[in-house]
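# Fold and geometry: a report
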Amino acid sequence: MKTRIIAAAVLVPVLFLVVLAAPKIAAAFILGILLAIAAYELLYRTGLVQRLRLVVYSCVMAFGISMWSYLGAVRAYFLLMLMVFFLLLFAEMMMDHVKVSIEMLGVCFVAGLIIPYMLSSLIRILTMNVGRYVILIPFIVAFMSDAGAYFVGLKFGKHKLAPVVSPNKTIEGVLGGMASAVVSMLIYTVILDWPLQFDVHYGLALLYGLVGSLAGTFGDLCFSIIKRQTGIKDYGNLIPGHGGVLDRFDSLSMVAPLMEALLLVLPIVVV
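Residues numbered from 1 in each chain as written. Predicted model: local features only at pLDDT ≥ 70, side-chain atom pairs only at ≥ 80, totals over all residues. Heavy atoms only, no water.

### Concerning a nonpolar patch on the surface
On the surface, Tyr 133, Val 183, Ile 187, Ile 191 and Leu 196 cluster together into a nonpolar patch covering about 430 Å² of accessible area. In terms of residue count, helix H9 (residues 171-193) provides more of the nonpolar patch than any other element does, three residues in total. For Tyr 133, the location among the structural elements is in helix H7 (residues 131-134). (Patch = residues over 30% accessible without salt bridge, like charges linked within 9 Å, V, L, I, M, F, W, Y side chains within 5 Å. Areas by Shrake-Rupley, 256 points an atom, 1.4 Å probe, with all protein chains shown as cover. Salt bridge = Lys/Arg side-chain N within 4 Å of Asp/Glu carboxyl O. Helix = DSSP H or I, 4+ residues; strand = E, 2+ residues; numbered from the N terminus.)

### Let's talk about the packing of helix H2 (residues 24-45) against helix H5 (residues 102-119)
Between H2 and H5, whose axes approach to 9 Å, the crossing angle comes to 150°. Considering how the two elements wind past one another, H2 and H5 form a crossing that is right-handed. Every residue of H5 that contacts H2 at Leu 31, Leu 35, Ala 39, Leu 42 and Leu 43 is listed here: Val 107, Cys 108, Val 110, Ala 111, Ile 115, Pro 116 and Leu 119. When its residues are assigned to classes, the contact of H2 with H5 shows 12 nonpolar, no polar and no charged. (Axes fitted to C-alpha atoms, helices over the stretch in contact; angles between N-to-C directions. Left-handed = near helix turned anticlockwise from the far one by under 90°. Contact = heavy atoms within 4.5 Å. Nonpolar A, V, L, I, M, F, W, Y, C, P; charged D, E, K, R; others polar.)

### Quick notes on unusual backbone geometry
For Ala 73, which is not glycine, the phi torsion reads 50° and is therefore positive. Overall, the relative accessible area of 27% leaves Ala 73 in the partly exposed class. (Buried < 20%, exposed > 50% of the residue type's maximum accessible area, 1.4 Å probe, protein only.)

### Structural notes on the packing of helix H8 (residues 136-156) against H9
Remark: H8 packs on H9, axes separated minimally by 6 Å, with the N-to-C direction vectors making an angle of 140°. Our classification of the angle between H8 and H9 gives oblique. The handedness of the crossing between H8 and H9 comes out as right-handed. Across from Leu 136, Ile 137, Ile 140, Val 141, Met 144, Ser 145, Gly 148, Ala 149, Val 152, Gly 153 and Phe 156 in H8, the residues of H9 making contact are Glu 172, Gly 173, Val 174, Gly 176, Gly 177, Ser 180, Ala 181, Ser 184, Met 185 and Tyr 188. Residue classes in the contact of H8 with H9 are distributed as 12 nonpolar, eight polar and one charged. (Parallel < 35°, antiparallel > 145°, perpendicular 65-115°, else oblique.)

### Describing the pattern of salt bridges
For the coordinates displayed, the defined rule picks out eight salt bridges. Asp 146 is the salt-bridge partner of Arg 248, the closest N and O atoms lying 2.9 Å from each other. One end of the pair, Arg 248, is in helix H11 (residues 245-249); the other, Asp 146, is in helix H8, with 102 residues separating them in the sequence. Residue Arg 248 is classed as buried on the basis of its relative accessible area of 17%. Judged by relative accessible area, Asp 146 falls into the partly exposed class, the value being 22%. Here the salt bridges do not stand alone but share partners, grouping Arg 51, Arg 53, Glu 92 and Asp 96 into one network.

All we've got here are geometric facts, nothing functional implied.
Spelled out as structure tokens, the structure:
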């Protein structure tokens with residue numbers, strides 16, 4: 001617990017510095033590195049794919065998705081990247097179809113394309129007109145939901161949510177996480193409204209917190225079941241007390257793309 005708190009106390013200010021003050025290209029580069037590490041964790045650390053070239057292709061693709069998001073998310077460039085990634089993966093299977101299965105390629109697509117695309121929503125949010133002001137929303141929803149679920153579950157948790165997938169997760173904890181996310185979003189909306197003088201929608205803030213917390217819980221369970229099936233405790237040890245990149249960003253992988261979609265369809269800030 002102590003190590004976990006110390007790591008969070010160090011990482012949170014760094015996170016604020018990167019997303020609020022650093023050049024956007026620096027944020028994209030750093031996220032790209034983290035996405036490449038996440039791809040490695042999902043493929044190699046789990047033992048699902050230990051063929052070096054497949055892992056490298058997936059890590060490079062993961063990094064490229066972040067930079068593509070920063071450069072405007074142009075569809076033509078994405079299609080070219082996808083074609084090259086597709087060709088490289090299937091070329092590996094053609095060269096050794098006995099050892100390289102379609103299941104392995106499927107995991108590579110998840111690690112190198114799908115998860116990076118979902119998490120790179122953070123960069124696409126950052127590059128919006130009001131990106132510097134709304135980029136904290138996915139972090140607030142995901143991390144405050146996690147914190148609320150942890151502490152409420154620790155104190156009041158009695159009814160298991162998914163005992164096989166995540167034995168420590170309780171229904172009471174999930175409800176606490178939802179409440180924490182909603183309250184945190186309402187507080188942040190007040191900050192956007194009063195000191196920053198934005199025209200905001202408080203009802204949408206409640207919606208962001210509510211559905212975002214539920215999405216984060218589902219994301220957490222998704223990565224937990226992979227750990228159960230592969231027999232690992234953590235995806236890595238990059239972050240003391242937290243594990244690897246996927247251990248820390250599991251809920252964010254669902255929250256970030258949902259927040260991007262909501263900001264585009266139901267913007268909480270009116271420009």
